[in-house]
Amino acid sequence: MQQVLSHGRNRKRAVINYLSKYWTLYLMLSIPITYFIIFRYIPMTYIQIAFKKYSIIQNPWQMPWAKNNGFEYFIRAFSNRDFLYALRNTVMLNLLDLIIGFPAPIILALLLNELTFKRFKRFTQSVAYMPHFLSWIIISGLAKQLLAPSTGLVNIALNKLGFASIPFLTKPGHWVATYVFLGIWKNVGWNTIIYLAALTNINPELYEASAIDGAGRFQNIRYITLPGLRPTIVTLLILSLGHILGSEFDRPFALSNSLVSGVSNVISIFVYQYGVRGLQFSLTTAVGLFQSVISVFFLLGANAFAKKFGERGIW
Amino acid sequence: MIRSKTYKAGDLIIVFFCILLIIACLLPMLNVLARSLSSSEALIRNEVMLWPKGWNLNAYRLVLGDSKYTWSLAWTAILTVISTIVSMVMTILCAYPLTYANLKGRGFFNTLILFTMYFSAGTIPHYLLYKDLGLLNNPLVLIIPNSLSVFNMIIMRSFFYGIPASLRESAEIDGAGPIRILFNIYLPLSKPVMATLSLFYAVGRWNGFSDALMYMNIRKYHPIQLLLYNILNSITSIEVATQEGFASAPGLSATLQAATVMFATVPILMIYPWLQKYFIAGATLGAIKD
């Protein structure tokens, strides 16, 4: 009895002691936690609008359920031509980014790693990181001036060399290629940082040993450098796969024009046009929910897949 | 002998490739700079490559003489400074308590925060929330809703983890509370990462426009990028003039567009070299998982 009481008293004292020491930490943390609840979790309660008939005078809990067991707006989305195009374009542009854009920084990091002139390497890095800090509006401004059909530097040079002008931004097929290329242009340098950091963690003794064995440059890359980069590559690949249905807004919005809207309208632009401008809130909330859920599934799937093959995954 | 020769050839190919990359990165900037400084006649004749022809500052004079444009620059600068300060305070308030390993509920808070990285409610629920909170068309909508980036918070936290726990423990023995320890030990030691994250936040705000496009209809509060978008998507100078109120000057639109692009880019290009050594360290920290 005595023991239990003193135990309880000790516990209470420990709690008071703990709080008197750390209450300020909770006070600090309360501000960001409130932020996350208001701006990240409360919006999630609005997701129910996807299943309800939107009404401007009611709050989401009071709105009546939509037809077809609440799935009316999902059915409408999938019978909407604009949405189906946006879905196709989103997947297409993201897949191209993945296939062409994903390996680019790995290759560049390998090249930079092989550079023996240290000063030149640092200069190349400084210049290559710079485009990452330009906004898509500025890049679209640069692209529009540089790639204009008759007045742009690139086409003037092509004409002088005897080639015809290329409609980089005005023909759908060319626009897609330009879109992917500009994505690489903006981020290839910046994305090498993470790989170059991983390269410094590779044990230099491995290279010394391979030099004694007489291994060449490509053998070094094949048997030492790439295996050393593997965990980083896998982590970033999982995250990219998670984004396969995610859509940036800035990039397609800044680069698109009315001549190429058939390939440039992605889901985020559909939501902007139909939701923010067109006020079809239930339809666009349904589209957003579809996008978020599929993204989470892709992320979980890619992570599970990586783990199955003995990689660490992202959590 | 043969091997050392192939090595040299390989090195040359790599250097050649890197030079191509440098040209690809610098050429667009140089071309637009040259265009902004050229006469509109030279532009129409397609004579401007990398060096200005018919050198003049008319476009810059016109941009600086336009109160809408100068106001937009000033407003974006103010917005960037305020947002960066708010974001840094939020980031530190979030990251610092979570570095205490014995903080009760730490796992729960971590999960609560990390979950938002992987699942988002989407554009329209956010839009409707801002509407209900009265944030639509309120300048605060450009500052508060995206003030805290989980990614940047993780970078900050990783850096805090790197500060030896023994420093904190000895301060605790001397009777210092968490706030004293934050201000006297953690923040002074975290200058590099604070510079990096401030740069990330500032560049994000300076370059951002989609929030203003969606949640802000008052033109006065539009950041520079949105104004730039309108200028770039107006084809003729008359359209530029009617769109954004520039004094109309025929044939000037091309140089004018170039000059406005330069104006929005120069602030970033100016701070970039100074902060470079910091942001590389910061971006590398972001790669560390915990």
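Residue positions are given per chain, counted from 1 along the sequence in the order it is written. Chain letters start at A and ligand numbers start at 1, both assigned in the order the entries are written. Only residues with pLDDT of at least 70 get local features here, since the model is predicted, and only at 80 or more are side-chain atom pairs given and counted; chain-wide, interface and lining totals rely on the full set of residues. Excluded from the side-chain calculations are hydrogens and water; all other atoms, namely the structure's heavy atoms, are used.

In this analysis, rings of Phe, Tyr and Trp, with Trp reduced to its six-membered ring, are considered paired at centre separations within 6.5 Å, and the interplanar angle assigns stacked below 30 degrees, edge-to-face beyond 60, and tilted for intermediate values. Scanning all chains against the criterion turns up 37 aromatic pairs over all chains. Each ring, one from Phe83 of chain A and one from Phe290 of chain A, has its centre 6.3 Å from the other, and the planes form 75°; the classification is edge-to-face. Here the residue Phe83 of chain A occupies a position in helix H3 (residues 81-101), and Phe290 of chain A occupies one in helix H14 (residues 281-308), the gap between them amounting to 207 residues. Burial here depends on accessible area, computed with a 1.4 Å probe over protein chains only, as a share of the maximum for the residue type. Under 20% is buried, over 50% is exposed, and the range in between is partly exposed. For Phe83 of chain A, a relative accessible area of 0% corresponds to the buried category. Following the ring pairs from residue to residue traces out a cluster consisting of Tyr35, Phe36, Phe39, Tyr54 and Phe281 of chain A together with Tyr127, Tyr130 and Tyr215 of chain B. Each helix is a run of H or I in the DSSP string that is no shorter than four residues. Each strand is a run of E no shorter than two, and both are numbered from the N terminus.

A separate point is the domain arrangement of chain A. Along its sequence, chain A is carved into domain 1 (2-39) and domain 2 (74-308). For every domain, the bounds stem from an assignment made automatically or drawn from a database. Taking only C-alpha atoms, the centre of domain 1 of chain A and the centre of domain 2 of chain A are 46 Å apart.

Another point: the domain arrangement of chain B. Residues and elements named next belong to chain B. Entries for chain B in the domain assignment read domain 1 (1-56) and domain 2 (60-285). Throughout, the accessible surface (probe 1.4 Å) given up by two parts as they are put together, summed over both, is called the buried area. Here domain 1 and domain 2 share an interface that buries about 770 Å² over both sides, 79% of which is from carbon and sulfur atoms. We define a salt bridge as a contact between a side-chain nitrogen of Lys or Arg and a carboxyl oxygen of Asp or Glu at a distance within 4 Å. Along the contact surface separating domain 1 from domain 2 lie 0 salt bridges. Under this definition, polar contacts are N or O atom pairs within 3.5 Å; protein pairs additionally need one hydrogen-donor-capable and one acceptor-capable atom, and for neighbouring residues in sequence, both atoms have to be side-chain atoms. Here domain 1 is connected to domain 2 by 1 residue pair in polar contact (both at pLDDT 80 or more). When contributions to the side of domain 1 that touches domain 2 are tallied by element, the ones reaching two or more residues are helix H1 (2-36) and helix H2 (40-44). Ranked by the residues each element gives to the side of domain 1 that touches domain 2, the list is headed by H1, at 5 residues.

Before going further, it helps to spend a moment on the environment of Tyr201 of chain B. All names here are of chain B. Assignment of secondary structure puts Tyr201 in helix H10 (residues 191-207). By relative accessible area, which is 9% here, Tyr201 ends up buried. For the pair Tyr201 and Pro125, spaced 76 residues apart in sequence, the C-alpha to C-alpha distance is 24 Å. The contact rule is simple, with two residues in contact once any of their heavy atoms fall within 4.5 Å. Residues within four places of Tyr201 in sequence aside, it is in contact with Thr84, Ser87, Met88, Thr91, Ser147, Leu148, Ser149 and Asn152.

On to the nonpolar core. Judged by nonpolar contacts, the single largest core of 177 residues is most densely connected at Trp175 of chain A together with Tyr69 and Tyr96 of chain B. Element by element, the count of residues in this core is highest for helix H8 (residues 172-200) of chain A, at 14 residues. Filtering out sequence-adjacent residues up to four positions away, Tyr96 of chain B remains in contact with Leu25 and Met28 of chain A together with Phe160, Pro178, Ile181, Leu182 and Tyr186 of chain B. Of all hydrophobic cores here, the second largest spans 6 residues; its members include Ile238, Leu299, Ala302 and Ala306 of chain A. Within this scheme, the nonpolar core is defined by two criteria: the residues are buried Ala, Val, Leu, Ile, Met, Phe, Trp, Tyr or Cys, and they are joined through side-chain atoms within 4.5 Å.

Residue and element names in this part refer to chain A. Each helix should span, by expectation, one fewer than its residue count multiplied by 1.5 Å. The end-to-end C-alpha distance of H3 is 29 Å, a good match for the 30 Å that 21 residues give at a rise of 1.5 Å each. All of the buried residues along H3 are Phe83, Ala86, Leu87, Asn89, Thr90, Leu93, Asn94, Asp97, Leu98 and Gly101. Two or three places before Asp82, at the start of H3, stands the capping residue Asn80, its side-chain oxygen 2.8 Å from that residue's backbone nitrogen.

Turning our eyes to something else, we now look at helix H6 (residues 136-146) of chain A. Of all the 11 residues making up H6 of chain A, 10 are buried; the element is thus mostly covered by neighbouring parts of the structure. Looking only at H6 of chain A, the buried set comprises Trp136, Ile137, Ile138, Ile139, Ser140, Gly141, Leu142, Ala143, Gln145 and Leu146 of chain A.

Next up on the list: unusual backbone geometry. All names here are of chain A. The backbone of Asn69 sits at a positive phi, close to 55°, despite the residue not being glycine. Examined against the element boundaries, Asn69 turns out to sit in the loop between helix H1 (2-45) and helix H2 (72-78). Although it is not a glycine, Leu279 sits at a positive phi angle of roughly 60°. Considering the arrangement of structural elements, one finds Leu279 in the loop between helix H13 (267-277) and H14.

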